[in-house]
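Notes for the structure review
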Amino acid sequence: MFEKPPLHWIDELRATLKLAAPLVGANLLQMAVFAVDVVFVARLGPEALAASSLSVALFGLLMWSLTGLVGAASPLIAAELGQRRHAVREVRRTTRMAAWVGILAAICAMGVCLLGGPLMRLTGQQEAVIALAEPFLRVLMWAALPMVLAALLRTVVATLGRPGIGTAITGLAVVVNATGNWIFVFGHFGMPALGLTGSAVSSVVTAVAMLLAYAAVIRFDRRLHRYRLLGRWWRPEWKRFGGVLRVGLPICGTILAEAGMFNGAAFLMGRIGETELAAHTVALQLAAIAFQVPFGVSQAATIRVGLAFGAGDRHAVGVAGRVAIALGMGFMLLSAGTMLLAPRAIMRLYIDPDAPANAALVALAVQYMVVCAAFQLFDGAQAVGAALLRGIQDTRVPMGIALFGYWVPGLGTAIGLGLFTPLRGVGVWLGLMIGLIVVAALMLWRWHRRERLGLLTPG
């Protein structure tokens, strides 16, 4: 079902890759799920695309942070498995309480979606776009509950040693979402053409389909069924409920801090100019694709470190950490080299760099990608560093590190260099890089001092 932490780094490397590879695949497929919506909605016109983009930005931020909240189940379950291989009851109870937390949080997220219109007015969006976004969000918000629960089950089955299930189900989600958009947006198989609202309906259907797929796999997979993860869902375990909140809320805060820096950078780019914002968006999308590899490694690292932490094996904790850092940063070296040596080639994923109309955008995007290549290592390091600390259930101080690093030196430098120097867009990207450097350095410093700080003593 899962492998106990080994003593040799080669065995740890094998175990980490076995977990990380399908997690990376699932992360990339999740990006494809969202890309499908853009492909279909773009055909409805610029106003519909703008409304969808704003709505999905808000909804995506909520779902990303809530995924981190319920993701607390991963280090908690890993530690329980490390303590006792057949921790069936403990795993079930932690999963149940994480589901309770996720349900309550999803209901709150739905309330935020209902306030989407007023929030967009506060940021000065056009009224015509808001008029399209409000009904879109009122439908899309119903995807919150199944999406959060599906994210929880994906985390749980990966921690139980079956990460490939998440990859397969996310691949299914791409197909379901594409089919749903085709049916509901343009009207096929006897359905009316719902336009923009149809894309939201498709997202709800896709989220429900993913949740049902996880439930079916858990029910019929022999090794997962023994945990009876869906059993006795009504019974409270308040100590575990508090444990999920203790670990999960700081993870949620860390995600919001990072998202705040990158969203703030987008608003800064919008103030500098439309071409700069478009170039920023292209470069950031390419960086996001590359980030899915260290992100998958970080997810695997949380599980591997959690198993060793639960077993009380401090040597194995260190081995797992060193392997994860080497894997994450090693890949980012490769991606940084690609961005420096062939920026126009990888840009073809989104635009035609040879088209005369794109000349100014491409010139700016190439500049941003030079800085992006420089911060690739630090982006991978901060992701893995935070994940390692989560594996030993240390999340509150890392949240403080993220809030400080991303918002003070990071966003502060981006504002100063972007708005008050000739660097403009390049200055914003230098701010992003400084934020990532500070956070990565502090996260890894805390990880390397884990013994002296007493972080390896289970609370």
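Residues numbered from 1 in each chain as written. Predicted model: local features only at pLDDT ≥ 70, side-chain atom pairs only at ≥ 80, totals over all residues. Heavy atoms only, no water.

What to know about the environment of Cys-252
Counting through the fold element by element, Cys-252 comes out in helix α11 (residues 238–272). Judged by its relative accessible area of 11%, Cys-252 falls in the buried class. C-alpha of Cys-252 to C-alpha of Ser-55: the two residues are 197 residues apart in sequence and 20 Å apart in space. Once residues lying within four places of it in the same chain are set aside, the contact partners of Cys-252 are Ser-65 and Leu-69. (Helix = DSSP H or I, 4+ residues; strand = E, 2+ residues; numbered from the N terminus. Buried < 20%, exposed > 50% of the residue type's maximum accessible area, 1.4 Å probe, protein only. Contact = heavy atoms within 4.5 Å.)

Some points on α11
Taking 1.5 Å as the rise per residue, α11 with 35 residues should run 51 Å; its terminal C-alpha atoms sit 50 Å apart, in good agreement. Roughly 25° is the biggest bend found in α11, and it falls at Gly-248, with proline Pro-250 one to four residues downstream. (Expected span 1.5 Å × (residues − 1). Bend = angle between axes of the 7 residues up to and from the residue.)

Topic: empty space enclosed by the protein
All chains considered together, the criterion is met by two cavities of 30 Å³ or more. Every residue lining the largest cavity is listed: Pro-250, Ile-251, Thr-254, Ala-386, Arg-390, Asp-394, Thr-395, Pro-398 and Met-443. At the level of elements, α11 and α15 (359–391) are the ones that each hand at least two residues to the lining of the largest cavity. By residue number, the principal contributor to the lining of the largest cavity is α11, which donates three residues. The class makeup of the residues in the lining of the largest cavity is five nonpolar, two polar and two charged. The space that makes up the second largest cavity amounts to roughly 40 Å³. Contributions of two or more residues to the lining of the second largest cavity are made by α12 (274–311) and α13 (314–341). In terms of residue class, the lining of the second largest cavity is made up of four nonpolar, one polar and two charged. (1 Å grid on protein atoms, 1.4 Å probe; cavity = no way out; pocket = protein on both sides within 12 Å on 5 of 7 lines; lining within 4 Å. Points joined across faces, edges and corners; volume = space filled by probe spheres on them. Nonpolar A, V, L, I, M, F, W, Y, C, P; charged D, E, K, R; others polar.)

Some remarks on the environment of Glu-276
When you line up the elements, Glu-276 lands in helix α12. Residues Glu-276 and Leu-172 lie 104 residues apart in sequence; the distance between their C-alpha atoms is 36 Å. Excluding residues within four positions of it along the chain, Glu-276 makes contact with Met-269, Leu-364, Tyr-368 and Arg-424. In terms of polar contacts, Glu-276 uses its side chain to reach the side chain of Arg-424, at 3.2 Å. (Polar contact = N/O pair within 3.5 Å; in protein donor to acceptor, adjacent residues only side chain to side chain.)

Nothing here speaks to function; it is all geometry.
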